[in-house]
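Each chain is listed here by its residues.
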Amino acid sequence: MACFSMIMPLNIQTIIIVCLWILISSSCSNAVQSDVDCLRSVKASLKDPENLLSSWDFNNSTEGFICRFAGVECWHIDESRVLNIRLSDMGLKGPFPPGLKNCTSMTSLDLSSNNLEGPLPSNMTDVVPFLVSLDLSSNNFTGLIPASISNCSFLNTLKLENNHFTGQIPPELGALNRLKDFSVANNLLTGQVPYFSNYTATRDAYAGNPGLCGGPLRRCQGGSNKSHTGVIIGAAIGGATFTALVVGIGMTFFMRKVVRKKEEDPDENKWARSIKGTKTIKLSMFDNPVSKMRLSDLMKATNSFSKENIIGSGRTGSLYKATLEDGSSLMIKRLQDTQHSEKEFASEMATLGNVKHRNLVPLLGFCVTKKERFLVYKYMANGTLHDNLHFVADDKKHMEWSVRLKVAIGAAKGFAWLHHNCNPRILHRNISSKCILLDQDFEPRISDFGLARLMNPVDTHLSTFVNGEFGDIGYVAPEYARTLVATPKGDVYSFGVVLLELVTGEKPTHVAKAPDSFKGNLVEWISELSVESKLHESIDQSLTGKGCDNEVFQVLKVACNCVLPASHRERPTMFEVYQLLRAIGQNYHFTVDDEILMPTDTGDVGDIELIVARETKGKK
């Protein structure tokens, strides 16, 4: 075994050890039923305001039925044994689900970017003993970080940043000798950081906790940076115990006061403080008007990247509105999980900076500082298509059909250009109504194009089934879940779901108009109605009876062709989708200069000749 460990990466060793241990420990147990009970308990303990867990239907006895639940990955798709749970960015509320202890074979848990709150269980080892990856970042967890996490000895990844944890980081965490990725940034932690024997934590891992010291941070007063335990023992048996205790209480009170002051200051975002030392770094801009802006300018324009300035978030990162001193606005994308070096990132940006089309959100520039990566975009006044469709305020009208059709045609044109005409050709791989933004004239602009290549596609866990590796739940083509291979027709499927949203007004993962007995997603509902020849029942009632019923139904049929599940080769290409939609909306004359894409071959992504046909308004 010693020779074997010399030639294998540590994370692979960990996975193999965990897998063997789980297989041995669960071989004689009723693991399948316990995993079903686990998920039932998790759903019962969480509030799901967006109903994204609607697919978690337990009225089923088929083997492996839980493996089709949103965010659940199994060891095998036909066996009800949970491998990973990924419920990131789903708006979930409630405490840490104690029922997770029944998922006895789970190796990865991601509950990040939700609204979970309260303390973590003190007995984390009993709840999640075999985890390789634990991500609880960007929630509202409070209290102490449990020292029992140190007994989860297989952990490669531990992410607890952007919460409200208090007190000291347990020094016992230093015993996690397989750790590869660790962060507690932006909490309310104080005291000395742990000493890791096999891992070197960076300053960024502790950023936004002004009460921390030791390790890569400032030196702690009166003690060694390597052994906080030794400091405690020495203080306990020293002759000046009482004096040390008084000083310690005073320091703790002072640090908590500092933390509260920082928390109350609306101009200070916790993680943003960690990059203020680099405020002199210039942005690399593609357009001259803002070429002299600095990172400090962006921090001022976004109120130090405060949460109040977030206008969108997703798998690739958060999007902030930045208001400049002259009153103009930009959008700043803070990327997450990009694994590229600064040189590789700059090279990729040089390519994306030259990708320009009227239906793409203009990328103005980028900034690299420490481990942070920022993209600067032109501001889109009317937000995302998703919000315009699904969050209609009482004083706001539903989107009219002409606007929806305009969005469909323009977005299809942009995606077709990325597939067929752009050099290099780009698969989006994350198409949803959230990535289609609307400018002041409700002209659709595609965002996040090309970002899939900047994200790390390799996870540190073993997986045989993936639900939505590239893309939001409800938009991912079924063949991707089987093959893990992204294709142009996969983008077509995702765009077909967007078209269904435009026609039905329903969300991809939850159909409000469907009967209570129906537990599937939007595509499954449409398929069911199609078999029963009831497709007309799916159309948004706000669109019917206004003289456009025929156009609406034609777009619905195009959408149905895009989401064909039997064989992805039967779906149209993105160019064909654009041409079909353009023909449906030809009487609206949405553009004066219309770009007509003409493929020179019949492949999925063929070479394109771009012909500009001058069309005057009113001329067919």
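Here, every reference points to the structure presented above.
Parameters and conventions
Residues numbered from 1 in each chain as written. Predicted model: local features only at pLDDT ≥ 70, side-chain atom pairs only at ≥ 80, totals over all residues. Heavy atoms only, no water. Buried < 20%, exposed > 50% of the residue type's maximum accessible area, 1.4 Å probe, protein only. Helix = DSSP H or I, 4+ residues; strand = E, 2+ residues; numbered from the N terminus. Pairing = 2+ DSSP bridges. Phe/Tyr/Trp six-rings, centres within 6.5 Å; stacked < 30°, edge-to-face > 60°. Axes fitted to C-alpha atoms, helices over the stretch in contact; angles between N-to-C directions. Parallel < 35°, antiparallel > 145°, perpendicular 65-115°, else oblique. Left-handed = near helix turned anticlockwise from the far one by under 90°. Contact = heavy atoms within 4.5 Å. Nonpolar A, V, L, I, M, F, W, Y, C, P; charged D, E, K, R; others polar.

A. Layout of the pairing of strand β18 (residues 372-378). The buried fraction of β18 is high, at six of seven residues. Looking at chain direction, strand β16 (residues 329-335) and β18 are connected through five bridges and run antiparallel. Across the sheet, R334 pairs through a bridge with F374, a residue of β18. Taken together, the six bridges between strand β17 (residues 363-369) and β18 define a ladder with antiparallel strand orientation. In the sheet register, L363 faces β18, and the bridge partner there is Y377.

B. The packing of aromatic side chains, seen in detail. Following the criterion strictly, the structure yields twelve aromatic pairs and no others. Their ring planes at 65 degrees and their centres at 6.1 Å tell us that F182 and Y206 sit as a pair that is edge-to-face. Note that F182 is positioned in strand β10 (residues 181-183) and Y206 in the loop between β11 (188-192) and β12 (211-213), a separation of 24 residues in sequence. Of the two residues, F182 and Y206, both sit in the buried class. Here the aromatic rings of F196 and Y199 are separated by 5.5 Å at their centres, their planes lie at 90 degrees, and the arrangement is edge-to-face.

C. Expanded view of the packing of helix α10 (residues 401-421) against helix α15 (residues 574-584). Packing of α10 against α15 leaves a shortest axis separation of 8 Å and a crossing angle of 155 degrees. In this view, α10 runs roughly antiparallel relative to α15, as classed from their interaxial angle. The two elements α10 and α15 meet at a crossing, and its hand is left-handed. Of the residues in α15, those in contact with L405, A408, I409, A412, K413, F415, A416, H419 and H420 of α10 are M574, F575, V577, Y578, L581, R582 and I584. Among the residues forming the contact of α10 with α15, the class breakdown is twelve nonpolar, two polar and two charged.

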